[in-house]
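# Commentary on secondary and tertiary structure
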Amino acid sequence: MAVSTSPETPIPVGEVSRLIGGWIERLGAVWVEGQITQLSRRPGAGVVFLTLRDPSYDISVSVTCYRQVFDKVADVVSEGARVVVHAKPEWYAPRGQLSLRAAEIKPVGVGELLARLEQLKKSLAAEGLFAADRKKPLPFLPQLIGLVCGRASAAERDVLENARHRWPAVRFAVRNVPVQGVHAVPQVVAAVQELDALPEVDVIIVARGGGSVEDLLPFSDEQLVRAVGAAVTPVVSAIGHEPDSPLLDLVADLRASTPTDAAKKVVPDVGEELARVQQLRERARRAVDGFLQREERGLAAALQRPCIQRPQRMIEDREEQVTALLERGRRTLGHLLDRADSELTHTLARVVALSPKATLERGYAVLQKPDGTAVRSPQEVGAEETLRARVAEGEFTVRVDGAPGAATAAE
């Protein structure tokens, strides 16, 4: 419930603390899960003080409990352990401090942790965060490699030494962070995001040299998994723990079994590459030599052909063929012309023999009426009718005598 205040009517600090305490009292007891970061058991004291922290976020809360409550789990709970606490929020008004009063503490066992991780794994897989099509390819020769690892750790040494042994010119941007404990997740996430924001970083390696299931829990944290999944730069997971696979292995673009394996997969070996280049050069040289030899053999075979050695022979052969064809054509054309001339002579003789002029030359005459029609019968002419008589040497006019069939020359 809001309190009405103003600059003229403020309320005392004690009243504010009392009101906050009243609101907190209404919350009731809750079950809280977290990781113990500080544990204080003073000899003779009846109260145990500890700090419970959220591993995924930088949030902590103080917890107090009676010694008899803590003694029940004192043998299995220590700093760094994950626990579930049944506690009631309390407000200490004189100092304005919030704490939890624990009535029961339960350690989170390995089996329970693995079950929760499996549930988280299924949930993230359903979102497609582990899909193969999200994996980004690694560059062949990275110029700058981002490395997230523990300070002065064996993982850092293995990655740096093996990478520089394989390719001496390779450069690293190293970010030393805690790789276990309560501060691991936020600092690893911050390091990955910082390196991902650098455009000159070509690939990021997150490395750790193995450990127990509890030690590797930060690398299965949902916040870290989502940060790696959202990274633009390819990320390599190099958590050296073969029996169990943290969720980081599933979301990373490449999983390496150990930090040394990560260096081998990210950085090419200069000796192997030089040998491969030499092999390819030899292979290319052999291919070129073989090609040149084949072409030389083909050219030599072509030069041995008669048409290349004596090119004019082709023209001479064709000249003879053209001459022979020309003579053949002339003979054929002569035969055709002779045959046509003979046929024309015979045809002309037949035409002349059958022509009316030849008939007239034998003494015959053709009588024609004035309109030019030939007279074929005496009945076609009348008495005193004038006709034209055509003979071999010319024509003249005749007049029909009185009786049909008798005619006399008019001129």
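Thresholds, definitions, all that
Residues numbered from 1 in each chain as written. Predicted model: local features only at pLDDT ≥ 70, side-chain atom pairs only at ≥ 80, totals over all residues. Heavy atoms only, no water. Helix = DSSP H or I, 4+ residues; strand = E, 2+ residues; numbered from the N terminus. Rg over C-alpha atoms; globule rule 2.2 N^0.38 Å. Buried < 20%, exposed > 50% of the residue type's maximum accessible area, 1.4 Å probe, protein only. Contact = heavy atoms within 4.5 Å. Areas by Shrake-Rupley, 256 points an atom, 1.4 Å probe, with all protein chains shown as cover. Phe/Tyr/Trp six-rings, centres within 6.5 Å; stacked < 30°, edge-to-face > 60°. Lys NZ or Arg CZ within 6 Å of the ring centre and 35° of its normal. Salt bridge = Lys/Arg side-chain N within 4 Å of Asp/Glu carboxyl O. Axes fitted to C-alpha atoms, helices over the stretch in contact; angles between N-to-C directions. Parallel < 35°, antiparallel > 145°, perpendicular 65-115°, else oblique. Left-handed = near helix turned anticlockwise from the far one by under 90°. Nonpolar A, V, L, I, M, F, W, Y, C, P; charged D, E, K, R; others polar. Expected span 1.5 Å × (residues − 1). Arc of directions from axis to C-beta. Patch = residues over 30% accessible without salt bridge, like charges linked within 9 Å, V, L, I, M, F, W, Y side chains within 5 Å. Pairing = 2+ DSSP bridges. pLDDT = per-residue confidence, 0-100. Polar contact = N/O pair within 3.5 Å; in protein donor to acceptor, adjacent residues only side chain to side chain. Core = buried A, V, L, I, M, F, W, Y, C linked by side-chain atoms within 4.5 Å.

## Description of the overall build of the chain
Counting secondary structure elements, the chain contains 12 helices and 14 strands. Relative to its length of 411 residues, the chain is extended, with a C-alpha radius of gyration of 61 Å against a globular reference of 22 Å. C-alpha extents for the chain along the principal axes are approximately 190 × 75 × 45 Å. Taking all 411 residues of the chain together, 30% fall into the buried category. Long-range pairs, those at least 24 residues apart, make up 57% of the contacts in the chain between residues at least 6 apart in sequence. Total accessible area on the chain stands at roughly 25,600 Å², and carbon and sulfur atoms take up 56% of it.

## Here we look at the packing of aromatic side chains
Summed over all chains, the structure comprises 0 aromatic pairs. Over the aromatic face of Tyr-66 sits the side chain of Arg-101, whose NZ or CZ is 5.0 Å from the ring centroid.

## Things to note about the pattern of salt bridges
Inspection of the entire model under this criterion finds 17 salt bridges. The shortest N-O distance in the salt bridge between Lys-106 and Glu-104 comes to 3.9 Å. Lys-106 gets classed as partly exposed once you look at its relative accessible area, which sits at 43%. Taking relative accessible area as the criterion, Glu-104 reaches 33% and is therefore assigned partly exposed.

## Some words on the environment of Val-3
Within the fold, Val-3 resides in the segment before helix 1 (13-25). As for Val-3 and Leu-19, which are separated by 16 residues in sequence, their C-alpha atoms are 9.4 Å apart.

## A word on the packing of helix 4 (residues 154-166) against helix 8 (residues 259-266)
Two elements in contact, helix 4 and helix 8, have axes separated by 8 Å at closest approach and are oriented at 30 degrees. When the interaxial angle is binned, helix 4 and helix 8 end up roughly parallel. Crossing of helix 4 against helix 8: the hand is right-handed. Along the contact surface, helix 4 presents Ala-155, Asp-158, Val-159, Asn-162, Ala-163 and Arg-166, while helix 8 presents Pro-259, Thr-260, Ala-263 and Lys-264. Residue composition of the contact of helix 4 with helix 8, grouped by class: 5 nonpolar, 2 polar and 3 charged.

## Some remarks on helix 5 (residues 184-196)
Here helix 5 spans 18 Å end to end across 13 residues, near enough to the 18 Å set by a 1.5 Å rise per residue. Where helix 5 is concerned, the buried positions are Ala-184, Val-185, Val-188, Val-189, Ala-191, Val-192 and Leu-195. The buried residues of helix 5 all sit within an arc of 160 degrees when viewed along its axis, so they share a single face. Against strand 6 (144-149), strand 7 (171-176), strand 8 (203-208) and helix 6 (222-230) lie the buried residues of helix 5.

## A look at unusual backbone geometry
With phi around 50 degrees, Ala-152 is a residue other than glycine that occupies positive phi space. Mapping Ala-152 onto the fold places it in the loop between strand 6 and helix 4. Take Ala-152: its relative accessible area is 70%, and that puts it in the exposed class.

## Some details on a nonpolar patch on the surface
Residues Val-3, Ile-11, Val-16 and Trp-23 make up a contiguous nonpolar surface patch of about 300 Å² in total accessible area. By the secondary structure assignment, Ile-11 is in the segment before helix 1. A relative accessible area of 32% places Ile-11 in the partly exposed class.

## Thoughts on the sheet that holds strand 4 (residues 82-92)
Taken in spatial order, the 5 strands close into a barrel running 1-2-3-5-4, and their pairing is mixed. Averaged over neighbouring strand pairs, the angle between their axes works out to 55 degrees when direction is ignored. Sitting on the sheet, helix 1 touches strand 4 and strand 5 (97-107), and the angle it makes with strand 4 is about 140 degrees.

## Considerations on the confidence of the model for the chain
Summarising the model, the chain shows a mean pLDDT of 85, and 94% of its residues fall at 70 or more. Scored below 50 in pLDDT, residues 406-411 shows 15 contacts in the model against residues more than four places distant or in partner chains.

## Details of the sheet that holds strand 7
Strand order in the open sheet formed by 5 strands is 7-6-8-9-10, with parallel pairing between adjacent strands. Because the sheet does not close on itself, it has two edges, and the strands there are strand 7 and strand 10 (254-255). Relative to strand 8, strand 6 runs parallel, the two sharing 4 bridges. Bridging from a neighbouring strand, Gly-146 pairs with Ile-204 of strand 8. Across the sheet, helix 8 touches strand 6, strand 8, strand 9 (235-239) and strand 10, and the angle it forms with strand 8 is around 165 degrees.

## Let's talk about the side chain of Asp-253
Position of Asp-253 among the secondary structure elements: in the loop between helix 7 (247-251) and strand 10. Here Lys-136 takes part through its backbone nitrogen, which lies 2.8 Å from a polar atom of the side chain of Asp-253. In terms of polar contacts, Asp-253 uses its side chain to reach the backbone amide nitrogen of Val-235, at 2.8 Å.

## Notes on helix 6
Buried within helix 6 we find Leu-224, Val-225, Ala-227, Val-228 and Gly-229. At the N-terminal end of helix 6, a side-chain oxygen is found 2.9 Å from the backbone nitrogen of Gln-223, two or three residues along, and the residue is Asp-221.

## Details of the nonpolar core
Counting residues in each nonpolar core, the largest one holds 30 residues, and the members touching the most others are Val-148, Val-206 and Phe-219. Counting residues per element, the ones that place at least two in this core are helix 3 (110-126), strand 6, helix 5, strand 8, helix 6, strand 9 and helix 7. Examining the composition of this core, we find that 6 residues originate from one element, helix 5, more than from any other. Once residues within four sequence positions are removed from consideration, Val-148 is found in contact with Arg-175, Val-177, Val-188, Ala-191, Val-192, Leu-195, Ile-204, Ile-205, Val-206 and Ala-207. Formed by 20 residues, the second largest nonpolar core is a distinct cluster that contains Cys-149, Ala-163, Val-236 and Ala-262.

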